[in-house]
Amino acid sequence: MTDRLPLSVFIIARDEADRISRPIESVIGWVDEVIVIDSGSSDDTVAVAEGLGARVLHNDWPGYGPQKRFGEDQCRNEWLLNLDADEEVTPDLKAEIQAKFADGSYSNADGWRVMIRDMYAHENTPAPWAYGYHQIRLYDRRKGRFSTSTVHDTVRPDEGATIANLACTMAHRSIRSLDFQVSKYNRYSGMQVEDMRSRGRKLPRWRLLSEFPASFLKAYFGRRYRKYGWWGFILSVNYAHARFLRVAKAFEAELLDKRSET
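What counts and how
- Residues numbered from 1 in each chain as written.
- Predicted model: local features only at pLDDT ≥ 70, side-chain atom pairs only at ≥ 80, totals over all residues.
- Heavy atoms only, no water.
- Pairing = 2+ DSSP bridges.
- Helix = DSSP H or I, 4+ residues; strand = E, 2+ residues; numbered from the N terminus.
- Axes fitted to C-alpha atoms, helices over the stretch in contact; angles between N-to-C directions.
- Contact = heavy atoms within 4.5 Å.
- Expected span 1.5 Å × (residues − 1).
- Core = buried A, V, L, I, M, F, W, Y, C linked by side-chain atoms within 4.5 Å.
- Buried < 20%, exposed > 50% of the residue type's maximum accessible area, 1.4 Å probe, protein only.
- Salt bridge = Lys/Arg side-chain N within 4 Å of Asp/Glu carboxyl O.
- Left-handed = near helix turned anticlockwise from the far one by under 90°.
- Phe/Tyr/Trp six-rings, centres within 6.5 Å; stacked < 30°, edge-to-face > 60°.
- Lys NZ or Arg CZ within 6 Å of the ring centre and 35° of its normal.

Regarding the sheet that holds strand β2 (residues 31-38)
Across the sheet, eight strands lie side by side as β3-β2-β1-β4-β7-β6-β10-β5; this open sheet has mixed pairing. Edge strands, defined here as strands with exactly one partner in the open sheet, are β3 (55-58) and β5 (87-89). Sheet twist, expressed as the average angle between the axes of neighbouring strands with direction ignored, equals 35°. As defined by bridge partners, strand β6 (residues 111-118) adjoins strand β10 (residues 163-172) across seven bridges and the pair is classed as parallel. Bridge pairing links R113 to N165 in β10. Strands in contact with helix α4 (residues 91-103) are β1 (5-13), β4 (79-84), β5, β6, β7 (132-140) and β10; relative to β10, the strand with the most contacts, it is inclined by about 150°.

Structural data, given as structure tokens:
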């Protein structure tokens with residue numbers, strides 16, 4: 001199959017020069033267009049993306065959901081495939097999507113979930129036991145759009161839309177390094193607290209005691225990080241600390257609120 005699919009791929013990015021080539025190279029040439037929405041990179045993200053054939057547009061950062069909705073609006077096709085800058089379409093997933101467009105079966109559903117599996121810097125492919133989650137990434141934008149949440153970037157299908165699962169997986173290079181992971185967790189936990197407070201949600205204080213151990217067990221056993229050996233132990237500790245940070249920052253915000261009231 002050599003014709004390009006009537007499919008638009010869009011990717012949001014900022015300072016991703018070291019990673020942006022992988023998602024673009026995994027789709028360029030077999031889809032109709034690849035669009036990168038850059039929110040103000042200070043590195044060579046724009047030059048790398050344009051050099052690979054992507055169309056790059058600038059949009060100041062409004063939050064995850066709004067940025068992806070902006071990306072949706074820039075696409076010329078109704079069927080969209082969304083990738084993050086740290087993800088890539090695997091050869092098997094590429095073949096599956098091409099086959100569905102070749103025989104028309106892509107239209108059997110309004111949106112398709114894909115399993116996104118973690119892959120680390122020292123790996124060439126995701127481990128068979130790698131943690132993963134299903135997300136709608138291939139979809140008809142007339143039947144669903146990304147949410148407006150500034151923290152959560154999830155496609156919300158319209159009422160009555162049909163959703164099915166693709167069989168193959170997408171690779172997720174979730175962290176560049178442990179330094180990067182810790183920084184990301186710190187930044188994201190702050191965003192989560194802001195989002196919760198904007199919705200009036202409060203976390204009970206007893207979670208200051210339970211959050212770390214419960215999250216460690218969830219990661220080590222539930223996410224099967226134990227299968228990575230010592231690397232999995234490190235991942236579990238970092239995950240648990242990130243979850244604890246969210247509760248701690250929420251508690252800190254409550255203390256600051258009380259001080260301002262006095």
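Things to note about α4
Owing to its 3.6 residues per turn, the α-helix aligns residues three or four sequence positions apart on the same side. With 13 residues, α4 should reach 18 Å at 1.5 Å per residue; the first-to-last C-alpha distance of 19 Å fits that figure. The elements touched by buried residues of α4 are β1, β4, β5, β6, β7 and β10. Where α4 terminates, the next one or two residues include G104, which has phi positive at roughly 80°.

Points about the nonpolar core
Core analysis: the biggest nonpolar cluster contains 31 residues, and L7, I11, V27, I97 and L138 have the highest contact counts within it. For this core, the secondary structure elements donating two or more residues are β1, β2, β4, α4, β6 and β10. Per element, the largest residue contribution to this core is five residues, and it comes from β1. With residues near it in sequence (within four places) discarded, I97 still touches L5, L7, W30, L81, L138 and L166. Counting ten residues, the second largest nonpolar core, distinct from the first, contains F10, I12, I37 and Y139.

Concerning the environment of A102
Tracing the chain through its elements places A102 in helix α4. Spatially, the C-alpha atoms of A102 and D3 are 9.8 Å apart, while their sequence positions differ by 99 residues.

Here's the deal with the pattern of salt bridges
Counted under the stated rule, the structure contains 22 salt bridges. Measuring nitrogen to oxygen at the nearest pair gives 2.8 Å for the salt bridge that ties R76 to D32. Placement of the pair is R76 in the loop between α3 (64-74) and β4 and D32 in strand β2, with a sequence separation of 44 residues. When its relative accessible area of 25% is taken as the criterion, D32 is described as partly exposed. We note a salt bridge from E87 to R137, for which the minimum N-O separation is 2.6 Å. Taken as a pair, E87 in strand β5 and R137 in strand β7 lie far apart in primary sequence, 50 residues in all. There is no split in this pair, since E87 and R137 are both buried. A single salt-bridge network, built from bridges that share partners, covers K68, D84, E87, R137 and D153.

Notes on the pairing of β4
Burial within β4 is extensive, with six of its six residues counted as buried. Side chains W79, L81 and L83 of β4 all project onto a buried face; the interleaved residues L80, N82 and D84 project onto the opposite face, where all are buried too.

Looking at the packing of helix α5 (residues 178-198) against helix α7 (residues 230-261)
One can describe the packing of α5 onto α7 by two numbers: an axis separation of 9 Å at closest approach and a directional angle of 35°. In terms of crossing hand, the pair formed by α5 and α7 is right-handed.

A short note on the packing of aromatic side chains
Summed over the entire model, instances satisfying the criterion amount to 16 aromatic pairs. Seen from their ring centres, W129 and Y228 are 5.7 Å apart, and the 70° between their planes marks the pair as edge-to-face. Taken together, the residues span a long stretch of sequence, with W129 in the loop between β6 and β7 and Y228 in the loop between α6 (207-222) and α7 at a distance of 99 residues. One aromatic cluster is present, built from ring pairs that chain together Y120, W129, Y225, Y228 and W231. The positively charged end of R223 is found above the aromatic ring belonging to Y131, 3.8 Å away from the centroid.

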